[in-house]
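Chain by chain, the residues:
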Amino acid sequence: MAEPVIATAAAVPVLAGTTAGGSVPEGLAAADSAKAGSVLAEAAAVSAEADSAPAPDSAALYRTVRLIRGFEQRAIELVRSRVIFGGIHPYTGQEAIAAGTCAALRADDLITSTHRGHGHVLAKGADPARMMAELAGRSTGLNRGRGGSMHAADFGIGILGANAIVGAAAPIATGAAWAARCAGSDRVVLTYFGDGAVSQGVVLETFNLAALWRAPVVFVCENNGFATTTRTQDAVAGSITARAEAFGIPAERVDGMDPEAVFAATARAVARARREEGPTLLECITYRHDAHHTWEHSARPRYRTPEEIELGRGVDPLDIQGARIDVARREQIDAEVEELLEAAVRFALDSPHPDPATALDFLYADGTTARAGAL
Amino acid sequence: MTILSYLKALNRAIGDEMERDPAVCVFGEDVRVAVSNVTSGLVKRFGPERVLDMPISEQAFTGVATGAAMAGARPVIEYQIPALLFIAFEQIVNQAHKFSLMTGGQTSVPVTYLVPSSGSRDGWAGQHSDHPYSLFAHVGVKTVVPATPADAYGLLVTAIRDDDPVVVFAPAGAMGRRADVDLARLAPVPLGLGRIHRPGSDVTVVAVGHLVHDALEVAEELADTVDVEVFDPRSLYPFDWQGLAASLERTGRLVVVDDSNRSCGIGGEVLATAAETMRLVAPPRRVTRPDGAVLPFAEGLDRALQPTREQLRHAIQGVMKAGTTG
């Protein structure tokens, strides 16, 4: 088993946030005033730092958008040629969110992702070659071919897994944030979900807990206008930001097509979380250029008009971010990314398929073996 | 020797593990006041940072436990009502249980889900009286049903130390049990190792949870005519198939008594496995709740759906008869 994200030995649960929530019976909260004083001083210093928001690295943001776009294009080709089994949920068009949010995180911060997770996982720093191998179901993949597109995880760099159940990662992220703080770290956990997830009870329950505990969590809602084919306005009563605000969580609508706007908003939310001021919701307004799932490429369900799609594709984070750097630099990045992705595809195709005899490996951490299905 | 109650054994196991490992923490509803008594005294000993009262929000806090476990904590969740497992089923079965395999072994989820007073409690009616251990065994979540105070202690300790999710069902019918034990000799009990409470040579009765005590009583009642072996699997997943096979080598006859619904219940699995791979000299039988049972409120109706000693006696006698004539 890989090293735990937070070493168990250090995980002495000391949950500062419970006292903040006011739910501790009198006399039980062991307040150390000297320690509290130093925490406040530190918080003030961090706060001053955060007020001068860091400048975005435009070229790095462009590179991430370019990487995700190129990765998705190749993945779609590999679905068509049946190298990728099943299909994928393309992230094309939404890259600004992954690029902008992850750029505002430290390397040791954590994320949880969704069924449309390639962008998040790549932006957090996963190796594109091992990611592509995972999508192709190879034993060299991030999850040794056990997770595929919807479950890509890399715990070594703080990716606690993409999750195929809409909304299910929100409590997981909040639990990781709680445990991180118990272990004395100032890590922040950023969790992605789509507009469909804001109608999942567990997400709203999680807002409640995260706000009560002032958990260092950033909730990132990627509102692409559709829960599969159902328009947001047909599925979501009220506003998405108001749902978080009802729990006392500050919420902000962000231009989710602009990597630098996403970066700035995330940097503010992350700084708040690190100052122990609690969670933030960012509702990133975006547009999915491609299908909900590659299954659409053949089934062609009609839920948006060609005109709408054309209009949506006209707004492209690749162009928006590309315009911010000079042409020579852009071409250089394009070439580097192309080379990287060529190598990623080669690596995936050259990698072995897992041995079918190992299909239930990793089911139990202690190696408990499951009985076979036939004698 | 000291008299140890089943309830106190659970409480002691959590306290000992919190003492031993600072990563162990308790999540649940009303756990600080310890409404169910299972967590009595823990907040005083370990503080509110490690004993967390949760809002009525089972899905969220069960999911939170998964994330916390992946980040180094070892949460023990107390659910006051077994039916709450249905609300948290997604988080346990679809998330916690699947993470290890889906991530290719990158993580594990050491959460213990403790369900005190599982099964029928007097007068709690349909939504408080299920005993859904078979569901968890079916999906492959480690599932434990201790029958005695010493096993309640030993199995809960093991569950907390286990790196995988484990559901521990403490049957309502066993919660009042007391036993004379040497506290110094309380020890972890491994999962997947059954216990023979009473050796016998004619028929093996596999009894789950509190029904072990019923089986022992019936065995004594029948002692003049049938020599009953009472086998308590203690954990339903993993199950001690070797132990059962060894018992059936001696007896060749099998009855299972299990307080869950008949269809797709653990009783059916035990019969099927025995029929496939073990020595049987007579058709086996099982005593369970009826198919699809929902326990009604009225006392007589509630009792009417639970496995009874009379049914068990009848099943044992039937198996003996079939073995003799067939």
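Refer to the structure above for everything that follows.
As the structure is a prediction and not an experimental result, all values here were calculated from the model.

A. Main features of the overall build of chain B. Looking only at helices and strands, chain B features 13 helices and 14 strands. For chain B, whose C-alpha radius of gyration is 20 Å, the value lies close to the compact-globule estimate of 20 Å for 326 residues. Based on the C-alpha atoms only, the size of chain B along its principal axes is roughly 65 × 45 × 40 Å. The burial tally for chain B puts 65% of its 326 residues in the buried class. Taking as baseline every contact in chain B between residues at least 6 positions apart, the subset at least 24 positions apart corresponds to 81%. Approximately 11,300 Å² of chain B is accessible, and the part contributed by carbon and sulfur atoms is 52%.

B. Up close: helix α3 (residues 58–70) of chain B. Residues and elements named next belong to chain B. For α3, spanning 13 residues, the distance from its first C-alpha to its last is 18 Å, which sits close to the expected 18 Å at 1.5 Å a residue. Of all 13 residues in α3, 12 are buried; the element is thus mostly enclosed. Among the residues of α3, E58, A60, F61, T62, G63, V64, A65, T66, G67, A68, A69 and M70 are the ones counted as buried. Directly beyond the C-terminal end of α3, a positive phi value near 115 degrees is found at G72.

C. Region of the structure containing unusual backbone geometry. Residue and element names in this part refer to chain B. In this structure, the amide linkage connecting Y237 to the following residue, P238, adopts the cis form with an omega of -5 degrees. Summarising the element assignment, P238 is placed in the loop between β12 (235–237) and α10 (241–251). The backbone of D30 shows a phi angle near 60 degrees, a positive value even though the residue is not glycine. Along the chain, D30 falls in the loop between β2 (24–28) and α2 (42–46). Of the residues examined, D30 reaches a relative accessible area of 36% and is grouped as partly exposed. If you check the backbone angles, N37 has positive phi at about 75 degrees while not being a glycine.

D. Broad picture of the pattern of salt bridges. On inspection of all chains with the given rule, the structure shows 38 salt bridges over all chains. Close ionic contact of R45(B) with E19(B) constitutes a salt bridge, the shortest N to O distance being 2.8 Å. Here the residue R45(B) occupies a position in helix α2, and E19(B) occupies one in helix α1 (residues 6–20), the gap between them amounting to 26 residues. What makes E19(B) exposed here is its relative accessible area of 54%. Three or more residues joined by partner-sharing salt bridges are found here, namely R66(A), R74(A), D334(A), E338(A) and E342(A).

E. Structural context of the interface of chain A and chain B. Across the contact, 55 residues belong to chain A and 52 residues belong to chain B. Here chain A and chain B share an interface that buries about 4,400 Å² over both sides, 64% of which is from carbon and sulfur atoms. The partner of K142(B) in a salt bridge is D366(A), and the shortest N-O contact between them spans 2.8 Å. Linking chain A to chain B there are 17 residue pairs in polar contact (both at pLDDT 80 or more). At the level of secondary structure, the elements contributing two or more residues to the side of chain A that touches chain B comprise α7 (169–182) and α8 (201–213) of chain A. Its residues assigned to classes, the side of chain A that touches chain B comprises 36 nonpolar, 12 polar and 7 charged.

F. Representation of the sheet that holds strand β4 (residues 74–78) of chain B in the model. Residue and element names in this part refer to chain B. An order of β3-β2-β4-β5-β7-β6-β12 is seen for the 7 strands of this open sheet, with the pairing classed as mixed. Strands at the two margins of the open sheet, each flanked by one partner only, are β3 (51–53) and β12. Averaged over neighbouring strand pairs, the angle between their axes works out to 20 degrees when direction is ignored. Sheet topology note: the β2/β3 ladder contains 3 bridges and is parallel. Residue V26 lies in a different strand from β3, and its bridge partner there is V51.

G. Up close: the state of the cysteines. Scanning all chains against the criterion turns up 0 disulfides over all chains. No disulfide involves C25(B); its sulfur sits 6.9 Å from that of C182(A), the nearest cysteine.

H. Local environment of the packing of helix α3 (residues 58–80) of chain A against helix α4 (residues 95–103) of chain A. All names here are of chain A. At a minimum axis distance of 9 Å, the contact between α3 and α4 shows a crossing angle of 135 degrees. It follows that α3 is oblique to α4 by the angle criterion. Here α3 and α4 pass one another in a crossing that is right-handed. Across the interface between the two elements, L61, T64, V65, I68 and R69 from α3 touch E95, A98, A99, G100 and A103 from α4.

I. Spotlight on the side chain of T101(A). Residues and elements named next belong to chain A. Its place among the elements puts T101 in helix α4. There is a polar contact of 2.6 Å between the side chain of T101 and the side chain of Y192. Discounting residues that sit within four places of it in the chain, T101 has contacts with L190, Y192, V220, V262 and T266.

J. Examining the nonpolar core more closely. Core analysis: the largest hydrophobic core is formed by 85 residues, its most contacted members being W178(A), Y79(B) and L244(B). Per-element accounting of this core gives the leading share, 8 residues, to α7(A). In contact with Y79(B), not counting residues within four places along its chain, are F61(B), T62(B), L84(B), L85(B), A88(B), I92(B), Y113(B), L114(B), V115(B) and P116(B). Counting 54 residues, the second largest nonpolar core, distinct from the first, contains L67(A), L135(A), V345(A) and A348(A).

K. Representation of the sheet that holds strand β3 (residues 189–194) of chain A in the model. All names here are of chain A. Taken together, 6 strands build an open sheet; the order of strands is β2-β1-β3-β4-β8-β7 and the sheet is parallel. Two strands in the sheet have a free side with no partner beyond their single neighbour: β2 (159–162) and β7 (251–255). For this sheet, the mean angle separating the axes of adjacent strands, direction not counted, is 20 degrees. With 6 bridges connecting them, β3 and strand β4 (residues 217–223) associate as parallel partners.

L. Geometry of the packing of aromatic side chains. Under the counting rule described, the total for this entry stands at 14 aromatic pairs over all chains. Judged by centre distance (6.3 Å) and plane angle (50 degrees), the ring pair of F193(A) and F219(A) falls under tilted. Taken together, the residues span a long stretch of sequence, with F193(A) in strand β3 and F219(A) in strand β4 at a distance of 26 residues. Among the residues examined, F193(A) registers a relative accessible area of 2% and is labelled buried. Considering the side-chain rings of F207(A) and F247(A), the 6.1 Å spacing of their centres and the 70 degrees angle between planes classify their relative orientation as edge-to-face. Remark: F247(A) occurs in the loop between α10 (240–245) and β7 and F207(A) occurs in helix α8; sequence separation between them is 40 residues. On the basis of relative accessibility, which here comes to 30%, the residue F247(A) falls in the partly exposed class. A connected cluster of aromatic rings, assembled from ring pairs, spans F193(A), F207(A), F219(A) and F247(A). The ring centre of F226(A) lies 6.0 Å from the NZ or CZ of R304(A), which sits over that ring. For the cation-ring pair, R121(B) lies above W124(B), with the distance from its terminal atom to the ring centre recorded as 4.9 Å.

Rules used in this analysis
- Residues numbered from 1 in each chain as written.
- Chains lettered and ligands numbered in written order.
- Predicted model: local features only at pLDDT ≥ 70, side-chain atom pairs only at ≥ 80, totals over all residues.
- Heavy atoms only, no water.
- Helix = DSSP H or I, 4+ residues; strand = E, 2+ residues; numbered from the N terminus.
- Rg over C-alpha atoms; globule rule 2.2 N^0.38 Å.
- Buried < 20%, exposed > 50% of the residue type's maximum accessible area, 1.4 Å probe, protein only.
- Contact = heavy atoms within 4.5 Å.
- Areas by Shrake-Rupley, 256 points an atom, 1.4 Å probe, with all protein chains shown as cover.
- Expected span 1.5 Å × (residues − 1).
- Salt bridge = Lys/Arg side-chain N within 4 Å of Asp/Glu carboxyl O.
- Buried area = accessible area lost by both parts, 1.4 Å probe.
- Polar contact = N/O pair within 3.5 Å; in protein donor to acceptor, adjacent residues only side chain to side chain.
- Nonpolar A, V, L, I, M, F, W, Y, C, P; charged D, E, K, R; others polar.
- Pairing = 2+ DSSP bridges.
- Axes fitted to C-alpha atoms, helices over the stretch in contact; angles between N-to-C directions.
- Disulfide = S-S within 2.5 Å.
- Parallel < 35°, antiparallel > 145°, perpendicular 65-115°, else oblique.
- Left-handed = near helix turned anticlockwise from the far one by under 90°.
- Core = buried A, V, L, I, M, F, W, Y, C linked by side-chain atoms within 4.5 Å.
- Phe/Tyr/Trp six-rings, centres within 6.5 Å; stacked < 30°, edge-to-face > 60°.
- Lys NZ or Arg CZ within 6 Å of the ring centre and 35° of its normal.

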